[in-house]
Amino acid sequence: MAKFDEVSIEGIGQEAPIEQVATSSKLIYGLDDRPPVPEAIFVAIQHVLAAFVGIITPPLIIGTTIGLPPTETIYIISMSLFVSGLATFLQVKRFGVVGSGLLSLQGTSFAFLGSIIGVGTAITQAGGTPQDALARIFGVCFVGAFVQIFFSRFLHLAGRIITPVVSGTVVMIIGLSLIKTGMISMAGGIAAQKNGTFGSTQNLLLSGLVLGTIIIMNATGNRYLRMGAIGIGLLVGYIVSIFLGLVDFSIFSQLPVITLPLPLRYGMSFDFISFIPFVLLYILTSIETIGDLTATSSITGQPVEGSLFMRRIKGGILGDGINCLVAALFNTFPVTTFSQNNGVIQMTGVGSRYVGFFIAGILSLLGLVPIVAGLFQSLPQPVLGGATVVMFGAIAVAGIDIVSSVEIGRRDLMIIAVSLALGLGVVYVPEIFTNKPALFQNLFSSATATGGLSAVLLNWLLPRSMER
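Residues numbered from 1 in each chain as written. Predicted model: local features only at pLDDT ≥ 70, side-chain atom pairs only at ≥ 80, totals over all residues. Heavy atoms only, no water.

By the naming in an unreviewed UniProt entry, the protein is Uracil-xanthine permease family protein, taken from Floridaenema flaviceps BLCC-F50. One UniProt comment on the protein, placed under Sequence similarities (unreviewed entry), says "Belongs to the nucleobase:cation symporter-2 (NCS2) (TC 2.A.40) family." Looking at the protein in UniProt, the text filed under Subcellular location (unreviewed entry) is "Cell membrane". (UniProt positions renumbered as here; feature names shortened; annotations may be inferred.)

## Observations regarding the overall build of the protein
Tallying secondary structure elements over the protein gives 18 helices and 2 strands in all. Projected onto its principal axes, the C-alpha positions of the protein cover 60 × 55 × 45 Å. Of the accessible surface of the protein, which amounts to about 18700 Å², a share of 67% is contributed by carbon and sulfur atoms. Side-chain charges in the protein split into 22 positive and 21 negative, and the spacing between the mean points of these groups amounts to 4 Å. (Helix = DSSP H or I, 4+ residues; strand = E, 2+ residues; numbered from the N terminus. Areas by Shrake-Rupley, 256 points an atom, 1.4 Å probe, with all protein chains shown as cover. Lys, Arg positive; Asp, Glu negative; His and termini not counted. Charge placed at Lys NZ, Arg CZ, Asp CG, Glu CD.)

## Some words on the packing of aromatic side chains
Within this structure, the stated rule accounts for 16 aromatic pairs. Between the aromatic rings of Phe89 and Phe357, the centroid separation amounts to 5.6 Å while the plane-to-plane angle is 50°, which identifies the pairing as tilted. Here Phe357 lies in helix α13 (residues 355-368) and Phe89 lies in helix α2 (residues 70-93), a separation of 268 residues in the sequence. Since its relative accessible area comes to 35%, Phe89 is described here as partly exposed. Note on Phe357: relative accessible area 24%, which makes it partly exposed. (Phe/Tyr/Trp six-rings, centres within 6.5 Å; stacked < 30°, edge-to-face > 60°. Buried < 20%, exposed > 50% of the residue type's maximum accessible area, 1.4 Å probe, protein only.)

## Re the pattern of salt bridges
Enumeration over the complete set of coordinates arrives at 2 salt bridges. Between Arg353 and Asp32 there is a salt bridge, and its shortest N-O distance comes to 3.4 Å. Of this pair, Arg353 sits in the loop between α12 (340-348) and α13 while Asp32 sits in the segment before α1 (37-65), placing them 321 residues apart in sequence. With relative accessibility at 17%, the residue Arg353 sits in the buried group. Overall, the relative accessible area of 52% leaves Asp32 in the exposed class. The shortest N-O distance in the salt bridge between Arg265 and Glu72 comes to 3.2 Å. Note that Arg265 is positioned in the loop between α9 (229-243) and α10 (272-299) and Glu72 in helix α2, a separation of 193 residues in sequence. According to the relative accessible area criterion, Arg265 is partly exposed, its value standing at 36%. With a relative accessible area of 15%, Glu72 lands in the buried category. (Salt bridge = Lys/Arg side-chain N within 4 Å of Asp/Glu carboxyl O.)

## Focus on the environment of Phe138
Note that Phe138 resides in helix α4 (residues 130-151). As a C-alpha pair, Phe138 and Ser269 span 131 residues in sequence and 7.6 Å in three-dimensional space. Not counting the four nearest positions on each side in its chain, Phe138 is found in contact with Ile76, Tyr266, Met268, Ala328, Asn331, Thr332 and Phe333. (Contact = heavy atoms within 4.5 Å.)

## A word on α13
The end-to-end C-alpha distance of α13, which contains 14 residues, comes to 21 Å, matching closely the 20 Å that a straight helix rising 1.5 Å per residue would cover. Taken as a whole, α13 has its buried residues at Val355, Gly356, Ile359, Ala360, Leu363, Ser364 and Gly367. One side of α13 carries all its buried residues, which in axial view fall inside an arc of 165°. On its buried face, α13 sits against α1 and α2. (Expected span 1.5 Å × (residues − 1). Arc of directions from axis to C-beta.)

## Notes on unusual backbone geometry
Trans peptide bonds make up most of the peptide bonds, and negative phi angles are found at most residues other than glycine. A positive phi is found at Leu264, a non-glycine position, where the angle reads about 55°. Structurally, Leu264 is set in the loop between α9 and α10. Owing to a relative accessible area of 43%, Leu264 belongs among the partly exposed residues under this scheme. A positive phi angle is found at Asn331, which is not glycine, with a value near 65°. Since its relative accessible area comes to 0%, Asn331 is described here as buried.

## Section: helix α3 (residues 113-125)
Taking 1.5 Å of rise per residue, 13 residues should cover 18 Å, and α3 covers 18 Å from first to last C-alpha, within 8% of that figure. Of the positions making up α3, those classed as buried are Leu113, Ser115, Ile116, Ile117, Val119, Gly120, Thr121 and Ile123. As for α3, its buried residues are in contact with α1, α4, α5 (164-186), α10 and α15 (381-403).

## Considering the packing of α2 against helix α11 (residues 307-329)
Where α2 contacts α11, the two axes come as close as 10 Å, and the packing angle between them is 155°. With respect to α11, the element α2 is oriented roughly antiparallel. For the pair α2 and α11, the sense of crossing is right-handed. Along its contact with α2, which presents Val83, Leu86, Ala87, Leu90 and Gln91, the element α11 presents Gly315, Gly316, Gly319, Asp320, Ile322, Asn323, Val326 and Ala327. Partitioned by chemical class, the residues of the contact of α2 with α11 number 7 nonpolar, 5 polar and 1 charged. (Axes fitted to C-alpha atoms, helices over the stretch in contact; angles between N-to-C directions. Parallel < 35°, antiparallel > 145°, perpendicular 65-115°, else oblique. Left-handed = near helix turned anticlockwise from the far one by under 90°. Nonpolar A, V, L, I, M, F, W, Y, C, P; charged D, E, K, R; others polar.)

## With respect to the packing of α3 against α10
The N-to-C vectors of α3 and α10 enclose an angle of 175°; their axes lie 10 Å apart at closest approach. Put simply, α3 runs roughly antiparallel to α10. Residue-level contacts link Ser115, Ile116 and Val119 of α3 to Ser274, Pro277, Phe278 and Leu281 of α10.

Written as structure tokens, this is what we have:
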């Protein structure tokens, strides 16, 4: 689950005070060092464990929400793991100007979750199949990736419009708007709404057990328990669900031994109205990547200013865009850098980008073994909800963290207040646009698009003199 980091680089977020992440002076292996293979594999496994749940959760939620059959959801999850491996390899290897060349893991982005669900449910509610919804989603995401590719060439202009107040507000909206999805899962999900068990005592106790386990693990002094808190919580919930008879093991008999990637399995379709909200999201996820890569540069003892740093940042965002193209072609959702892996670098003292090759290999291999995705697809909704509600809350807190990195004046307060109100308002009262044109409905039905556009426009239009 990636977040924005409180950093500022040349031309980006220039209103914010420069708060450079502390450089680790205790690195065992630096960026270009080559650790022995056993050590590299050991560290790579820790990176994979830190990112695994974040990679598979968005496709799991999307597949469940749009009504995909379990076997299809498993395939999408497998492709998310496979593409995360390919994307990580491109990012750490660096091909010409593409890629950062840093130890930066890539995985499925949460930022697009609300808008993707909006596009998918609109298709299914209009009578389309879940496969039709996926074709539209992948088509929109494929075209949208070019926005990020184009944006990577004009980073020096970003700081004039997308300041920490704007980006932090949007991240808050992403997290807060997704909490509704997490709460629905805690109560049993869409299936429970249909069979009358929504909000049952069993569902709430099960999700509460997962949530409580995650809280307890985070409260311990053991760094490995904290790092694996979400995975441990899911495991505890899964085991209890088995004893309660809530896990359907029949799905495993339908799975092949190996899943082979099949580009364009669901085809692609495009609709400009559906595409509009994604423009801002691809720009914002680029800003997210800037923060993550800046933190990685600092932690691994690399420069956080100057020409080399700027080449890495531009290459990283260009790599993000190309990886999003690959993701759409291979039937999964946009990817981005994961910031939690910076914590793994600090804890292990290994910043070698060669570890990234092992991370990429492990993720890709996991994606080819469908039983891995099947285990997570069989998770009961309350178990998933108990974990995701924490993850979504953490996204909101990350946004607060960004906003608090600058001194909030009257102008900034107005930007935050109006953007939060409008962005969350369309989540609370979605029927407000029922009789409006389709273009209007698609543009403003997403909390991220509504709140994000409000923040960008207000930051552009409100006079700076308000602070005086």
